[in-house]
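Observations on the three-dimensional arrangement
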Amino acid sequence: MSQRKQLFPQLDRMLHGADYNPEQWIHMPEVWDEDIRLMHLAKCNVMTMGMFSWSSLEPNEGQFEFGWLDGIIDKLTLNGISFILGTPSGARPAWLASKYPEVLRVRPERVRNLYGTRHNHCYTSPIYREKVRIINTLMAERYGKHPDLLLWHISNEYNGECHCDLCQAAFREWLRKKYNDDLDSLNQAWYTTFWSHNYTDWKEIESPSPIGEHMLHGLQLDWKRFVTDQSIDFMLQEIAPLKRLSPDIPVTTNFLGGCNINYERMAEHVDIVSWDSYPYWHSKNPDWRTACHAAFTHDRYRSFKPDKPFLLMECTPSLANWQEVAKLKRPGMHALSSIQAVAHGSDSVQYFQWRKSRGSSEKFHGAVVDHSAHEHTRVFSDVAELGAYLERLQPVNGTNIRAETALIYDTENKWAVEGAAGPRKPNLSYDGEVFRHYEPFWKQGIPVDIISMDRSLEGYKLVIAPMLYMLKQGAAERFETFVRSGGTLVLTYWSGIVDENDLCFLGGFPGPLRKLAGVWSEELDALYPEDYNSLVMKENALEGLSGTYSVSLMCDLIHVETAKVLAEYQEDFYQGYPALTVNRFIDGEVYYMAARTESSFLDDFYRTLAGRCRLGRALRADWDEGVNAQVRTDGDRDFIFLHNFTNQEQSILLKEIVTDLEGTPVEQSLCLPAYGYRVFIREANNIRANI
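Not measured: the values here are computed from a predicted model. (Residues numbered from 1 in each chain as written. Predicted model: local features only at pLDDT ≥ 70, side-chain atom pairs only at ≥ 80, totals over all residues. Heavy atoms only, no water.)

**A closer look at the packing of aromatic side chains**
Taken as a whole and assessed by the stated rule, the structure comprises 38 aromatic pairs. By way of ring pairs, the aromatic residues Phe441, Tyr549, Tyr591, Phe601, Phe605 and Tyr606 are connected into one cluster. Positioned above the aromatic ring of Tyr123 is the side chain of Arg105, whose terminal nitrogen or guanidinium carbon lies 5.1 Å from the ring centre. Above the face of the Trp623 ring, Arg617 is positioned so that its terminal group lies 4.7 Å from the ring centre. (Phe/Tyr/Trp six-rings, centres within 6.5 Å; stacked < 30°, edge-to-face > 60°. Lys NZ or Arg CZ within 6 Å of the ring centre and 35° of its normal.)

**Regarding the packing of helix H10 (residues 287-302) against helix H11 (residues 333-343)**
Relative to each other, H10 and H11 sit at 30°, their axes nearing to 10 Å. Considering the relative orientation of H10 and H11, their crossing is right-handed. Across the interface between the two elements, Asp287, Ala291, Ala294, Ala295 and His298 of H10 pack against Met333, Gln340 and Ala341 of H11. Looking at the contact of H10 with H11 residue by residue, the class counts come to five nonpolar, two polar and one charged. (Axes fitted to C-alpha atoms, helices over the stretch in contact; angles between N-to-C directions. Helix = DSSP H or I, 4+ residues; strand = E, 2+ residues; numbered from the N terminus. Left-handed = near helix turned anticlockwise from the far one by under 90°. Contact = heavy atoms within 4.5 Å. Nonpolar A, V, L, I, M, F, W, Y, C, P; charged D, E, K, R; others polar.)

**Side note on the nonpolar core**
Core analysis: the largest hydrophobic core is formed by 179 residues, its most contacted members being Trp354, Leu393, Phe479 and Phe605. No other element matches the seven residues that H11 contributes to this core. Once residues lying within four places of it in the same chain are set aside, the contact partners of Phe605 are Val490, Leu542, Leu545, Leu580, Tyr591 and Met593. By size, the runner-up hydrophobic cluster in this structure holds 17 residues, among which are Tyr179, Trp202, Phe226 and Val227. (Core = buried A, V, L, I, M, F, W, Y, C linked by side-chain atoms within 4.5 Å. Buried < 20%, exposed > 50% of the residue type's maximum accessible area, 1.4 Å probe, protein only.)

**Structural notes on the environment of Thr548**
Structurally, the position occupied by Thr548 is in strand S16 (residues 548-560). The class of Thr548 is partly exposed, set by a relative accessible area of 43%. Considered as a pair, Thr548 and Leu535 are 13 residues apart in the sequence and their alpha carbons are 5.6 Å apart. Those residues in contact with Thr548 that lie beyond four places of it in its chain are Ser534, Leu535, Val536 and Gln570.

**Quick word on the pairing of strand S26 (residues 677-683)**
Each regular strand displays side chains that alternate between the two surfaces of the sheet. With five of seven residues buried, S26 lies mostly within the body of the structure. Sheet analysis places strand S23 (residues 637-644) next to S26, joined by seven bridges and oriented antiparallel. Looking at S26, one finds that Arg637 is bridged to Glu683. (Pairing = 2+ DSSP bridges.)

**A word on the sheet that holds strand S1 (residues 15-19)**
Spatial strand order, S5-S4-S3-S2-S1-S9: six strands in an open sheet with parallel pairing. Here the strands that pair on one side only, and so sit at the sheet edges, are strand S5 (251-252) and strand S9 (348-351). Looking at chain direction, strand S2 (residues 46-49) and strand S3 (residues 82-86) are connected through four bridges and run parallel. Residue pairing in the sheet places Val46 in a bridge with Ser82 of S3. Running over the sheet, helix H12 (residues 378-392) touches S1 and S9 and is turned about 145° from S1.

**Examining helix H6 (residues 165-178)**
In this model H6 runs 20 Å from its N-terminal to its C-terminal C-alpha over 14 residues, within 8% of the 20 Å that 1.5 Å per residue would give. Buried residues along H6 sit in contact with helix H7 (183-190) and helix H8 (217-245). The first or second residue beyond H6 is Asn180, which carries a positive phi of 55°. (Expected span 1.5 Å × (residues − 1).)

**A closer look at H11**
Most of H11 is tucked away, with eleven of its eleven residues classed as buried. Within the span of H11, buried status applies to Met333, His334, Ala335, Leu336, Ser337, Ser338, Ile339, Gln340, Ala341, Val342 and Ala343. Note on H11: the residue one or two positions beyond its end, Gly345, has a positive phi of about 120°.

Shown next, in the form of structure tokens:
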């Protein structure tokens, strides 16, 4: 039975569209009619409007002008184009900041911003919240029942923080609630006795500042948690009138690729996850590695709500003008990168922007319609061709991804790792290290969920937790339950060091994971960038691994307790110390990687574990570096996406029977052109072959 979960039952197809700013062309009304013509040629079926329209919707306080928006909505929907409507809180009008300066953010240095840019607003300000409530309510009353409204787009790329007096007071109230109005508990959690920084009154507490307290790690963590909670609270107030007046219309907010907010927690409060993807294609990194980075973030955001597709809310069809080098996408890359998003679970390809602006900061940002204002461009042709292909992918719409592997990426752990004073400066690059453990699976075409340590591990065969420095309450117990029931867990150096308040565990590292890992970590050696050691595999210790691998940056000096030694260090005073161990624990096993290894070790190690865990690949085939396969399924059919992220033709040898989208069997030996892709179908009873 099909398990498709369509995001928009009234529109059973992939969304293809763009951010549209018709208010920029109010004085050139002929542009609107031309846009409609071009949208049909580009095979676009949806437009997103309103995110940056506040000054056009409310040019003066209390003076609302919806006529222009009514007009363009009528034009779109009469021509079969649906719309997504954004709330405009991401960029406020000048009159609002001028009359109510409290809505502007205050920096950590305690200086209030001048009016300007985006995201320059205080989430705590009662005035700002009220002004947002008023305009959101009016929009919901006017458009909430429109049959062609697909989705509410809440604000834009939530990020940033404010340190004003209103936020300081809200932060103190947040702390009082968290610590049950017990200042002694806060002092103990933050370890304020060090440097004699004990607080004696709640009013003494300030947010972290470079001109004040910024060395208390507990304070840093709680401030970031507060900023997340305050951002969510603001978002929920934005959503409230929309849900009250249009309860059947889902809501989303577009996430950035990286942010100071814990987006996983924010995602709990939206119906659909969406994000804005702007990889640095054709840079000093090979394109396949850039593609792997993009895939990592696709999978991370997909995993926020793994039972349904997500939306690619923004990408560029050509260039991003704000990147250091605004390089054009090479021929084929736009379609390839867009189909990659679909392969990883997106049910849309949408652009910023539809038509290039004539002025201001993003007038040179990529768009479907260039300043030439016609369809006779390479980019427009690329978009139109992709739109036609997305129509062929209608059966993929609503399908999802089943992963047997989970990679732990935890935002609060990231904050803690980056805030820790040592063991290396600059920090240990938590993001980069988690990504390095993702890359071997991407190369093999093995689906991966990327989850926080708070999430259930049920259903996974393999769980990987790189640098799990912070252990939240209950995490160790979840890992133990997972391993007891036969799961395989991989831990690394710098794990099980501190609790949720960044207080070190006593009794030996890796803290609550010590029994599970079967090792005791005595010391951690930080290496200079030019220093290297070696990991030497013991003979016949682990099938598929042998010889010597380079290690660098971090070397954990561990002693085995119940674990078995698989590899040892080759050099320095800790020569012969364990560098890789495995601990059999009830029905499962736990691997402990004591050093930061070279990528070739991770490739070999995870290829071996994939075999031991009998992980399914997206496609049984042989391919070279730069080729990747992903799979989505509806329970009856698997949809396999094969990509070539190189500028050379690639040969692939298939080792199973698949068909093309029309049901014709695919040749066993095939070639993918440079930046090319293919989509195949496999019946579910021909389920993915184990490695």
